[in-house]
Amino acid sequence: MAVSIPFRRELEFEYGHVDELSPNIRRVIANNPSPFTLYGTGTYILGRGSVAVVDPGPADAAHIEAILKATEGEQISHVLVTHTHADHSPGCRLLREHVDAPTYGFGPHGSGMLEEGVATEESADRDFDPDVKVRHGDIVEGDGWSVECVYTPGHTSNHICYQLREERALFTGDHVMGWSTSIVSPPDGDMQRYIESLRLLLDRDDARYWPTHGPAITETHRHVEAFIEHRREREVQILDCIRRGIHRIAEMVPQIYLEIPEFMYGAAGRSVLAHVVYLVQRDELVCAGELGMDVDYHLRT
Ligand SMILES: [Zn+2]
């Protein structure tokens with residue numbers, strides 16, 4: 001029996017309009033909907049008067065205008081970035097033209113794998129380099145608010161979540177979303193680290209998750225546990241494919257992903273690759289050549 005993930009996607013909002021979500025949290029959603037971003041990038045504004053912006057989003061002038069309008073008469077003192085995908089960090093560059101606030105993040109794209117950062121995938125923002133590099137457990141203090149940095153590699157090697165301590169509200173970026181599972185695409189995406197980063201959240205007492213895409217998650221641990229179980233099921237499906245004589249990732253995808261349109265098979269294949277890499281790391285699978293999409297995978301006998 002497949003695990004049931006309590007997905008949620010309903011959200012009432014208007015592009016360019018700021019929504020009050022709690023005493024200390026507001027959100028503006030960028031008009032960049034897609035099968036990967038749902039309605040678009042949700043940029044959060046933390047605090048009042050002197051505020052932090054979390055993920056300015058894509059390089060979209062209209063969205064930056066909307067953020068500026070939402071914070072009119074206030075000062076943006078910090079810009080926090082969860083990770084360097086094209087729908088999260090490029091807006092920093094545009095925002096910088098109007099606002100003199102330092103950016104915070106784990107490091108440039110790929111920096112969770114290699115010190116200097118490495119170019120790994122198409123949708124990466126390779127220009128972003130935070131003014132302040134933050135690490136797990138760091139506290140960033142603003143005027144009337146503070147956030148704890150929670151390093152969560154897996155979706156990308158530099159993915160980091162931020163907890164607004166006053167509300168125990170965790171901004172989960174693309175690590176945990178209500179409407180969808182996360183894409184984990186090697187080599188920068190790493191399934192082992194992703195699952196470890198999910199388990200890390202089970203040791204925390206965050207009251208609510210605010211993902212970049214889609215609505216908030218209130219049943220935090222139940223949601224994370226379902227994601228972990230879902231990944232375990234994927235492994236079982238992959239091993240089952242191989243037992244049935246299906247050795248290539250491209251042939252596994254239609255067997256495993258029965259409900260996705262064909263144009264998403266490429267992304268699904270990357271996710272299967274991530275699982276396969278993890279199974280090879282644990283010595284459960286072997287591959288006939290270099291790890292990748294175009295080799296045969298066999299059970300370790
Ligand atoms: Zn992302």
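Everything quoted here is computed from the prediction, not taken from an experiment.

*Asks:* Is there a simple way to think about the overall build of the protein in this case?
*Replies:* The secondary structure content of the protein amounts to six helices and 14 strands. Projecting the C-alpha coordinates of the protein onto the three principal axes gives extents of approximately 65 × 40 × 35 Å. When each of the 301 residues of the protein is scored for burial, the buried share is 56%. Sequence separation of 24 or more characterises 60% of the internal contacts of the protein that already satisfy a separation of 6 or more. Carbon together with sulfur atoms contributes 48% to the accessible area of the protein, which is approximately 13,200 Å² in total. Averaging the positions of the 27 positive and the 48 negative side-chain charges in the protein gives two centres separated by 4 Å.

*Asks:* How should I be thinking about the sheet that holds strand β9 (residues 146-151) in this particular structure?
*Replies:* The strands that make up a sheet are held in pairs by hydrogen bonds between backbone atoms, and each pair lies either parallel or antiparallel. Strand order in the open sheet made by the five strands is β8-β9-β10-β11-β12, with mixed pairing throughout. Looking along the sheet, the strands with just one partner apiece sit at the ends: β8 (139-141) and β12 (208-211). On average, each strand axis in the sheet is tilted by 25° relative to the strand beside it, whichever way the strands run. As defined by bridge partners, strand β11 (residues 169-173) adjoins β12 across four bridges and the pair is classed as parallel. Residue Phe171 lies in a different strand from β12, and its bridge partner there is Trp210. Sheet strands in contact with helix α3 (residues 191-202) are β9, β11 and β12, and its direction is about 140° off that of β9.

*Asks:* Just to check I follow, could you spell out the coordination of the zinc ion for this structure?
*Replies:* Within the first shell, the zinc ion binds the protein through His83 (NE2), His85 (ND1), His155 (NE2) and Asp174 (OD), at distances of 2.1 to 2.3 Å. In this structure, the zinc ion is coordinated by four donor atoms arranged in irregular fashion, with angles at the metal of 87 to 165°.

*Asks:* It is not clear to me how empty space enclosed by the protein should be interpreted in this structure. Could you clarify?
*Replies:* To find leftover empty space, one rolls a probe the size of a water molecule over the atoms. Using the criterion set out here, one finds one cavity of 30 Å³ or more in the structure. In this structure, the largest cavity encloses a volume near 50 Å³. Together, Val79, Cys92, Leu95, Arg96, Val99, Ala101 and Thr103 line the largest cavity. At three residues, the largest contribution of residues to the lining of the largest cavity is made by helix α2 (residues 91-96). For the lining of the largest cavity, the class distribution of residues is five nonpolar, one polar and one charged.

*Asks:* Even after reading the chapter, I still don't get the sheet that holds strand β3 (residues 42-46), so can you show me in this structure?
*Replies:* Here we have seven strands laid out as an open sheet, ordered β1-β2-β3-β4-β5-β6-β7, and mixed in their pairing. Since the sheet does not close on itself, it has two edges, and those belong to β1 (18-22) and β7 (132-133), each with one partner. Where helix α1 (residues 61-70) meets the sheet, it contacts β1, β2 (25-29), β3, β4 (50-54) and β5 (75-80), and its direction lies at approximately 155° from that of β2.

*Asks:* Is there a simple way to think about the domain arrangement of the protein in this case?
*Replies:* In terms of domain boundaries, the protein breaks down into domain 1 (18-220) and domain 2 (227-299). Between the C-alpha centres of domain 1 and domain 2 there is a distance of 29 Å. In this complex, domain 1 contributes 20 residues to the contact, which on the side of domain 2 involves 15 residues. In total, about 1,500 Å² of surface goes out of reach between domain 1 and domain 2, with carbon and sulfur atoms giving 72% of it. Summed over the shared surface of domain 1 and domain 2, the number is zero salt bridges. For the interface between domain 1 and domain 2, the tally reads three residue pairs in polar contact (both at pLDDT 80 or more). Across the side of domain 1 that touches domain 2, the residue classes tally to 13 nonpolar, five polar and two charged.

*Asks:* Can you walk me through the pattern of salt bridges in this structure?
*Replies:* Close approach of charged atoms allows side chains with opposite charge to pair. Taken as a whole, this structure holds 14 salt bridges when the rule is applied. Notably, a salt bridge pairs Arg48 with Glu20, separated by 2.6 Å at the nearest N-O pair. Linking Arg48 in the loop between β3 and β4 with Glu20 in strand β1, this pair joins segments that are 28 residues apart in sequence. By relative accessible area, Glu20 is classed as exposed at 52%. For Arg244, the salt bridge identified is with Asp240, shortest N-O distance 3.4 Å. Through salt bridges with shared partners, one network takes in Glu148, Arg204 and Asp206.

Cut-offs used in this document
- Residues numbered from 1 in each chain as written.
- Predicted model: local features only at pLDDT ≥ 70, side-chain atom pairs only at ≥ 80, totals over all residues.
- Heavy atoms only, no water.
- Helix = DSSP H or I, 4+ residues; strand = E, 2+ residues; numbered from the N terminus.
- Buried < 20%, exposed > 50% of the residue type's maximum accessible area, 1.4 Å probe, protein only.
- Contact = heavy atoms within 4.5 Å.
- Areas by Shrake-Rupley, 256 points an atom, 1.4 Å probe, with all protein chains shown as cover.
- Lys, Arg positive; Asp, Glu negative; His and termini not counted.
- Charge placed at Lys NZ, Arg CZ, Asp CG, Glu CD.
- Pairing = 2+ DSSP bridges.
- Axes fitted to C-alpha atoms, helices over the stretch in contact; angles between N-to-C directions.
- Donors = N, O, S within 2.8 Å, 3.2 Å for Na, K, Ca; no water.
- Tetrahedral: all angles 85-135°; square planar, octahedral: opposite > 155°, others 65-115°.
- 1 Å grid on protein atoms, 1.4 Å probe; cavity = no way out; pocket = protein on both sides within 12 Å on 5 of 7 lines; lining within 4 Å.
- Points joined across faces, edges and corners; volume = space filled by probe spheres on them.
- Nonpolar A, V, L, I, M, F, W, Y, C, P; charged D, E, K, R; others polar.
- Domains from an automatic or database assignment.
- Buried area = accessible area lost by both parts, 1.4 Å probe.
- Salt bridge = Lys/Arg side-chain N within 4 Å of Asp/Glu carboxyl O.
- Polar contact = N/O pair within 3.5 Å; in protein donor to acceptor, adjacent residues only side chain to side chain.

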